[in-house]
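# Summary of the model geometry
Residue strings, one per chain:
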Amino acid sequence: MKRNLKAVLADRLRLEELELLYRSYDVIGDIAIIRIPDALKHRSKAIAEAIMQIQKHVKTVLRQVSPVSGDLRLRRVEWVVGEKKVESLHKEHGCLFKIAHERCYFSPRLSHERMRISQQVQSGEVIVNMFSGVGCYSIMIAKHSAVEKVYSIDINPVAVRYMQENVKLNKVGGRVIPIEGDAKNIIQESLQNVADRVLMPLPERAYEYLGYAVQALKQKGGWIHYYDFEHARKDESSVEKVKVKVVERLQNLGVDSEIPFGRIVRTTGPNWYQVALDVHLTNLL
Ligand SMILES: C[S@@+](CC[C@H](N)C(=O)[O-])C[C@H]1O[C@@H](n2cnc3c(N)ncnc32)[C@H](O)[C@@H]1O
């Protein structure tokens, strides 16, 4: 079993410094991305070297120096130790994703969620992925199902370039179709009533874009995989709160819906949660 970071650093950091350490970090291919509190900045090198000692395949450690922010969902990073690079090749459930950190969004923490959606896709489906990034959901679906096409939109030209490369790497050309642009414009211009399933993996704006997701669905209806952030006290359910607001919004759009499944994908802060809903829509005529 791999030793944890605190144990490896026990003889290199003082006790009060160990208390400040974040336990988790992302490993994306051979790059590790860590968060280090400012009070431990002078210990960055020791922490990064400890990670390389634990994760033998890691060649570069980067420190995240800003939160994930902006429409493109990017985080700033700075080099700490190892090879000076910001690009890595990540393996996930038999797929390969090339990613330029800082220039495109990627989170290995959504791996389970990507697989969960892939397993629901039926043979011959057409899918619109409104916020595709470097293509992770789309490629995973193409690799693990007999999907016909996944129209894969992203507004970030760098992410679309990497998605094109990832489509080639994973040999899913012709089935995953990368499209650069704003999902609302692309759907209105060329993807109305085409989809059996729509993916909305941008929790910050999914609610605002829900009407466009409905427009992308075939008139017989289909599924929307909806993501949101929600606050919930101990006596509340974040999943129920998101369900209520989505059902209300869809009612206002004149659409019948049911939500047979919802889950917390991850905790994002004290009493804040990322929620996923599988929304089934009928009667779009
Ligand atoms: C949270 S990331 C998710 C990326 C990818 N689905 C994944 O799981 O790795 C959201 C993505 O939406 C893109 N985006 C933001 N606003 C958009 C818009 N209006 N239309 C299309 N893409 C958008 C960002 O560039 C970013 O790549």
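Let me begin by describing the structure that accompanies this report. Because the structure is predicted, anything quoted here is derived from the model rather than measured.

## Focus on the overall build of the protein
Within the protein, the regular secondary structure consists of nine helices and 13 strands. At 20 Å, the protein has a C-alpha radius of gyration in line with the 19 Å of a compact globule built from 285 residues. Across the 285 residues that make up the protein, the buried fraction comes to 52%. In the protein, the proportion of contacts linking residues at least 24 apart, taken out of those at least 6 apart, comes to 64%. In the structure as shown, the protein presents an accessible area of about 13,700 Å², 50% of it carried by carbon and sulfur atoms. Across the protein, the mean location of the 43 positive side-chain charges is 6 Å away from that of the 34 negative side-chain charges.

## Considerations on the site of the ligand
Taken together, 20 residues lie around the ligand, and Asp71, Phe131, Asp154, Asp182 and Ala183 are the ones closest in. One nitrogen or oxygen atom from the main chain of Phe131 is found 2.9 Å from a nitrogen atom belonging to the ligand. Within the side chain of Tyr209, a nitrogen or oxygen atom sits 3.2 Å from a nitrogen atom of the ligand. Relative to its free-state accessible area of 590 Å², the ligand is covered by the protein chains to the extent of 98%. Both domains that meet at the shell around the ligand, namely domain 1 (15-85) and domain 2 (107-282), each give it at least three residues.

## Some points on the sheet that holds strand E10 (residues 197-200)
On the basis of which strands lie adjacent, the open sheet formed by seven strands has the order E9-E8-E7-E10-E11-E13-E12 and mixed pairing. Two strands lie at the open edges of the sheet, namely strand E9 (176-180) and strand E12 (256-269), each paired on one side alone. Adjacent strand axes in the sheet meet at a mean angle of 20 degrees, parallel and antiparallel pairs treated alike. Looking at chain direction, strand E11 (residues 222-231) and strand E13 (residues 272-282) are connected through ten bridges and run antiparallel. Bridge pairing in E13 links Glu230 to Tyr273. Contacting E10, E11, E12 and E13, helix H4 (residues 111-118) crosses the sheet at an angle of about 165 degrees to E12. Contacts between helix H6 (residues 157-169) and the sheet are confined to strand E8 (149-154) and E9, with E9 contributing the most and set at about 165 degrees to the helix.

## A closer look at the sheet that holds strand E1 (residues 26-28)
With respect to topology, four strands assemble into an open sheet ordered E1-E2-E3-E4, the strand pairing being mixed. Of all strands in the sheet, those with a lone pairing partner are E1 and strand E4 (77-82), marking the two edges. When the angles between neighbouring strand axes are averaged without regard to direction, this sheet yields 25 degrees. Two strands pair when backbone bridges link them, and strand E3 (residues 60-64) and E4 are joined in this way by five bridges, in the antiparallel orientation. Note that in E4 the partner of Gln64 across the bridge is Val77.

## Quick notes on the pattern of salt bridges
Per the counting criterion, the structure on display carries 30 salt bridges. Between Arg263 and Glu113 there is a salt bridge, with the nearest N and O atoms lying 2.4 Å from each other. Of this pair, Arg263 sits in strand E12 while Glu113 sits in helix H4; the two residues are 150 residues apart in sequence, bridging distant segments of the chain. For the pair Arg263 and Glu113, one class covers both residues: buried. Three or more residues joined by partner-sharing salt bridges are found here, namely Glu230, Arg233, Asp235, Glu236 and Lys241.

## Considering the pairing of E10
Of the two faces of E10, both are covered, the one formed by Arg197 and Leu199 as well as the one formed by Val198 and Met200. Judged from the three bridges that link them, strand E7 (residues 126-129) and E10 form a sheet pairing that is parallel. Looking at E10, one finds that Ile127 is bridged to Arg197. Relative to E11, E10 runs parallel, the two sharing four bridges. Following the sheet pairing, Val198 is matched in E11 by Ile224. Traced from E10 through helix H8 (residues 206-216) to E11, the parallel crossover comes out right-handed.

## Let's talk about the packing of helix H7 (residues 183-190) against H8
Contact geometry of H7 with H8 gives a least axis separation of 10 Å together with a crossing angle of 30 degrees. Between H7 and H8, the angle is such that the two are roughly parallel. Like other packed secondary-structure pairs, H7 and H8 cross with a definite hand, here left-handed. In contact with Ala183, Lys184, Ile187 and Gln188 of H7, H8 contributes Tyr209, Tyr212, Gln215 and Ala216.

## Re unusual backbone geometry
Peptide bonds are, in most cases, trans, and in most cases residues other than glycine have a negative phi. Residue Glu102 is not a glycine yet carries a positive backbone phi of 85 degrees. Look at Asn271: it is not a glycine, yet its phi comes out positive at around 65 degrees. The class for Asn271 is partly exposed, based on a relative accessible area of 32%.

The rules behind each value
Residues numbered from 1 in each chain as written. Predicted model: local features only at pLDDT ≥ 70, side-chain atom pairs only at ≥ 80, totals over all residues. Heavy atoms only, no water. Helix = DSSP H or I, 4+ residues; strand = E, 2+ residues; numbered from the N terminus. Rg over C-alpha atoms; globule rule 2.2 N^0.38 Å. Buried < 20%, exposed > 50% of the residue type's maximum accessible area, 1.4 Å probe, protein only. Contact = heavy atoms within 4.5 Å. Areas by Shrake-Rupley, 256 points an atom, 1.4 Å probe, with all protein chains shown as cover. Lys, Arg positive; Asp, Glu negative; His and termini not counted. Charge placed at Lys NZ, Arg CZ, Asp CG, Glu CD. Near = heavy atom within 4 Å. Polar contact = N/O pair within 3.5 Å; in protein donor to acceptor, adjacent residues only side chain to side chain. Domains from an automatic or database assignment. Pairing = 2+ DSSP bridges. Axes fitted to C-alpha atoms, helices over the stretch in contact; angles between N-to-C directions. Salt bridge = Lys/Arg side-chain N within 4 Å of Asp/Glu carboxyl O. Right-handed = clockwise from strand over helix to strand, strands pointing away. Parallel < 35°, antiparallel > 145°, perpendicular 65-115°, else oblique. Left-handed = near helix turned anticlockwise from the far one by under 90°.

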